[in-house]
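These are the residues of each chain, in order.
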Amino acid sequence: MAVVFTDNFVVGSDTNIDAYPAGSPDYAYINGAGANLTVNAANDRVQLPGSGGSTYAARIIDAAVPTGDQEITGTCYNDTSGNSAGLAVRCATGSNDNYISYIEYLQTNEVRLIRIDAGSEVLIASADRGTSGNAAHTHRLRATGSGATVSLELQIDATTTLTASDTAANRKTSGTPGVAGYNGVGNTVYIDSLSVDDLGTAAGRVQRFMLLGVS
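Residues numbered from 1 in each chain as written. Predicted model: local features only at pLDDT ≥ 70, side-chain atom pairs only at ≥ 80, totals over all residues. Heavy atoms only, no water.

Draft legend 1. Local environment of the environment of Leu48. By the element assignment, Leu48 lies in the loop between β5 (45-47) and β6 (54-60). By relative accessible area, which is 1% here, Leu48 ends up buried. Along the sequence, Leu48 and Val185 sit 137 residues apart, while their C-alpha atoms lie 8.4 Å from each other. In this structure, Leu48 is in contact with Asn36, Leu37, Tyr56, Gly181, Tyr182, Asn183, Val185, Gly186, Asn187 and Val189, ignoring residues within four places of it in sequence. (Helix = DSSP H or I, 4+ residues; strand = E, 2+ residues; numbered from the N terminus. Buried < 20%, exposed > 50% of the residue type's maximum accessible area, 1.4 Å probe, protein only. Contact = heavy atoms within 4.5 Å.)

Draft legend 2. Expanded view of the environment of Arg112. Topologically, Arg112 is positioned in strand β10 (residues 110-117). Assessed through its relative accessible area of 28%, Arg112 is described here as partly exposed. As for Arg112 and Ile124, which are separated by 12 residues in sequence, their C-alpha atoms are 7.7 Å apart. If we ignore the near neighbours within four places in the chain, the residues touching Arg112 are Ile103, Glu104, Tyr105, Gln107, Leu123, Ala125, Ser126 and Leu154. A polar side-chain atom of Arg112 sits 3.0 Å from a polar atom in the side chain of Gln107. Looking at Arg112, its side chain comes within polar contact range of the side chain of Glu110, at 2.6 Å. (Polar contact = N/O pair within 3.5 Å; in protein donor to acceptor, adjacent residues only side chain to side chain.)

Draft legend 3. Examining the sheet that holds strand β15 (residues 176-183) more closely. A sheet is described by the order of its strands in space; here seven strands give the open sequence β3-β6-β15-β8-β9-β10-β11, paired in antiparallel fashion. Unpaired on one side and paired on the other, β3 (27-31) and β11 (120-128) mark the two borders of the sheet. Between one strand and the next, the sheet's axes are offset by a mean angle of 25°, whatever the strand orientation. Looking at chain direction, strand β8 (residues 84-91) and β15 are connected through six bridges and run antiparallel. Paired with Ala85 across the strands is Gly181, a residue of β15. (Pairing = 2+ DSSP bridges. Axes fitted to C-alpha atoms, helices over the stretch in contact; angles between N-to-C directions.)

Draft legend 4. Spotlight on unusual backbone geometry. Cis geometry is adopted by the peptide bond preceding Pro21, which originates at Tyr20 and carries an omega value of -10°. If you trace the backbone, Pro21 turns up in the loop between β2 (15-16) and β3. At Arg90, a residue that is not glycine, the phi angle is positive and equals roughly 55°. Here Arg90 shows up in strand β8. For Arg90, a relative accessible area of 1% translates into the label buried.

Draft legend 5. The arrangement of the pattern of salt bridges in detail. All chains considered together, the criterion is met by eight salt bridges. Between Arg115 and Asp117 there is a salt bridge, and its shortest N-O distance comes to 3.0 Å. Each of the salt bridges in this network shares a partner with another, and the network as a whole consists of Glu71, Arg140, Arg142 and Glu153. (Salt bridge = Lys/Arg side-chain N within 4 Å of Asp/Glu carboxyl O.)

Draft legend 6. Broad picture of the environment of Tyr99. Turning to its location among the elements, Tyr99 is positioned in the loop between β8 and β9 (101-107). On a C-alpha basis, the gap between Tyr99 and Tyr29 in space is 9.2 Å, while along the polypeptide they are 70 residues apart. Setting aside chain neighbours within four positions, we find Tyr99 in contact with Ile30, Asn31, Thr55, Ala57, Ile116, Asp117, Ala118 and Gly119.

Just distances and angles here, no functional claims.
Printed below as a string of structure tokens:
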């Protein structure tokens with residue numbers, strides 16, 4: 001596949017995500033500010049140090065990441081008490097608390113695909129995949145299509161892929177991938193080891209056709 005961006009979140013000291021890496025940040029908040037999302041030096045991962053019970057999200061702004069057909073993969077740790085960390089696709093530039101994107105979470109055994117409309121969550125699809133919280137899992141989130149239908153895929157580890165088609169008037173047709181999390185308890189959940197695939201490139205299209213069984 002056409003991997004265009006990777007991140008293992010290695011830092012020498014705790015760094016707010018919108019200041020990471022130092023000198024040329026790769027992330028910008030679409031919901032949150034300051035230390036709401038922090039790259040943690042002790043663990044080399046993105047954590048939510050606060051305990052305010054809010055959802056925070058940041059989009060990747062590195063020039064290499066796609067705004068169209070895209071896939072993001074990462075290691076995410078969610079607990080069984082509603083504290084969640086996940087991935088995002090099609091994140092649009094937006095003011096604080098007015099962000100728009102698709103995000104995903106694992107809560108206990110249930111995986112969820114959510115559309116964010118101006119800060120409000122709309123559940124697109126969910127399913128029980130028998131995957132527990134209080135453990136790290138590999139999450140893969142994909143968005144394709146910029147016309148009347150946006151196709152979404154979410155897979156946790158090797159479980160059955162959750163798919164959905166969004167035909168709503170406010171479907172998200174462009175924007176970069178990113179990360180998101182909800183913190184009821186500080187420094188509980190995290191995101192690590194990201195990679196982003198550009199599915200609009202020739203290599204990405206070939207891989208997508210193979211997955212769909214198209215020759």
